[in-house]
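# Architecture at a glance
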Amino acid sequence: MTVDRHYFEEMEAKIPRGKVRTRFAPSPTGYMHVGNLRTALYTWLIARSQGGTFILRIEDTDQGRLVDGAVDVIYRTMAECGLNHDEGPDVGGPVAPYIQSERRDTYGKYAKLLVELGHAYYCFCEKSESEEDSGEFDRAADPCRDLSAAEVEEKLAQGLPYVIRQRIPEGSTTFHDAIFGAITVENSTLDDQVLLKRDGLPTYNFANVIDDHLMGITHVVRGSEYLSSAPKYNLLYEAFGWDVPTYVHCSPVMRDAHNKMSKRHGDPSYEDLKTEGYLTEAVLNYVALLGWSPKGEQAEQEVFSLSELVKAFDMTGISKSPAIFDRAKLDHFNAVYLRSMAPEEFAKVAEPYIRQSVTKECYDAAAIAAVLQARCEKLTDIPEKVDFFDELPAYSVEFFTNKKSKTNSEVSLAMLEAAVPVLEALEQWTTESIHDALIELAQKLEVKNATLMWPVRIAAAGKMVTPGGAVEICQILGKDETIRRLRAGMAMLQA
Ligand code: GLU
């Protein structure tokens, strides 16, 4: 039954060494939640900022939770976010395979090696899977812990089903985390966790350690929910005689002061945020700052492209305290990114949203995009902002009264009466010609520009708040429709 040492030597020889190697190790759940995206980003940044290698590993040992197409979601998200990997299931690499379900034989061999080393044991007790998974197991009461080698052989020969458990030693365990510092726990608080299940598949905690070692991972970046497992991981590394990687546990992303963000409770995943009209770059920038802050010259900087993050990123800037996901802050970042896009680029991303409510092709989407760009926080806000182009909404005559512009119903009526013939007389219908004609008219009438522009804009749009001013709106509407709407406004004011 002795395991073949040669196999392990070969595995050791394959491990790349000498460079920083990090991995993002998602379980294929079918979506990427914000905390996971942040872990992926920090993991990628640690590798990229230190000239290291970034690996994608798919952790699908929990076959019961597999979701169709879930791995594609991971590839797609990583690619969209620009978090390219150097090694992974799709691109291969020196320590392939990178999907845990394809590595199942490896785990069994290492579990048996650990038995030989005295740090694990076969357990033949009848336990339900859930008991095994829950970790509620009284090791002192487990008769299998002290079976002799011969007794084990005998049971194995009988073909009895078994699990392999970690043999937690006496004493205490101290581990170091780059963010949380040194943490010591009494080993009596740790359970003899199952490493290999009855079906021969590893438990998540075991596969994780084996893979991190065999893939040469130098920095293990993960959510702080795994902190409590870290001492058991440490004991496994020590039992095998392996170097313990640098642990980087990141605090959770919270919905509010007390609750973690969770998809189950309706909090958005990365895909949801995309659907809600957020730009990938804005989400990434915001997520980077959720739990990490730049130092030195960049301490005050908020807007970071991915390549700027690579330059600025330093693990020591990761915070211990949980970060609260703040929608208003994300909106702010999104608006900043939308505004900084080249107009053509913005027009391209905005057009599908514009066309959701502006269905009449005569209204130029690019011109509408131009007025929207400075006044848009989220792409999904667009349809509602520009719905007045297709159809003049029913609006209140009170909209014509505005103190700052010095307008009321009477003044507005006079302004529209003056504006209509001037606009009708225009031969060219451009923003310049409309602008110049209206400004000239205001001068002639000896009123503030706003006194004229306000009622024109209200009549043209039927809305108090619009992207773009009177001139741009009229230009997009075209001459006939503008005149028609202005006349309709006059009729309302005369009534
Ligand atoms: N597969 C784990 C998860 O998706 C990752 C844990 C780790 O990175 O060690 O939560």
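Scroll up to find the structure this text is about.
Here is a short report on the structure shown in this document. (Residues numbered from 1 in each chain as written. Predicted model: local features only at pLDDT ≥ 70, side-chain atom pairs only at ≥ 80, totals over all residues. Heavy atoms only, no water.)

### Examining the packing of helix α16 (residues 409–424) against helix α18 (residues 449–461)
It is at 9 Å that the axes of α16 and α18 come closest, and there the two elements cross at 85 degrees. With respect to α18, the element α16 is oriented roughly perpendicular. Residues Val-411, Ser-412, Met-415, Leu-416 and Ala-419 of α16 lie in contact with α18, whose contacting residues are Thr-451, Leu-452, Pro-455, Val-456 and Ala-459. (Axes fitted to C-alpha atoms, helices over the stretch in contact; angles between N-to-C directions. Helix = DSSP H or I, 4+ residues; strand = E, 2+ residues; numbered from the N terminus. Parallel < 35°, antiparallel > 145°, perpendicular 65-115°, else oblique. Contact = heavy atoms within 4.5 Å.)

### Brief notes about the packing of aromatic side chains
Here the structure, examined in full by the defined rule, presents 21 aromatic pairs. With centroids separated by 5.7 Å and ring planes inclined at 65 degrees, the aromatic side chains of Tyr-110 and Trp-242 adopt a geometry described as edge-to-face. On the criterion of sequence distance, the pair formed by Tyr-110 in helix α4 (residues 104–116) and Trp-242 in the loop between α8 (230–240) and β9 (246–250) is long-range, its members being 132 residues apart. By relative accessible area, Tyr-110 is classed as buried at 1%. Through a chain of ring-to-ring contacts, three or more aromatic side chains come together here, namely Tyr-7, Phe-8, Tyr-110, Tyr-237, Phe-240 and Trp-242. The lysine or arginine in question, Lys-109, covers the ring of Tyr-7, its NZ or CZ lying 4.7 Å from the ring centre. The lysine or arginine in question, Lys-155, covers the ring of Phe-124, its NZ or CZ lying 5.9 Å from the ring centre. (Phe/Tyr/Trp six-rings, centres within 6.5 Å; stacked < 30°, edge-to-face > 60°. Buried < 20%, exposed > 50% of the residue type's maximum accessible area, 1.4 Å probe, protein only. Lys NZ or Arg CZ within 6 Å of the ring centre and 35° of its normal.)

### A look at the packing of α16 against helix α20 (residues 479–494)
Put simply, α16 and α20 touch, their axes get as near as 9 Å, and they point 155 degrees apart. With respect to α20, the axis of α16 lies roughly antiparallel. Viewed along their axes, α16 and α20 form a crossing whose handedness is left-handed. Between α16, through Ser-409, Ser-412, Leu-413, Leu-416, Glu-417, Val-420, Leu-423 and Glu-424, and α20, the contact on the second element is made entirely by Lys-479, Thr-482, Ile-483, Leu-486, Arg-487, Gly-489, Met-490, Leu-493 and Gln-494. Its residues assigned to classes, the contact of α16 with α20 comprises eight nonpolar, five polar and four charged. (Left-handed = near helix turned anticlockwise from the far one by under 90°. Nonpolar A, V, L, I, M, F, W, Y, C, P; charged D, E, K, R; others polar.)

### Examining the pairing of strand β1 (residues 21–24)
The alternating pattern of β1 places Arg-21 and Arg-23 and Thr-22 and Phe-24 on opposite faces, both of which are buried. Strand direction decides the pairing type here: β1 and strand β2 (residues 53–56), joined by four bridges, are parallel. Of the residues in β2, the one forming a bridge with Thr-22 is Phe-54. Considered for its hand, the β-α-β crossover made up of β1, helix α2 (residues 34–49) and β2 is right-handed. (Pairing = 2+ DSSP bridges. Right-handed = clockwise from strand over helix to strand, strands pointing away.)

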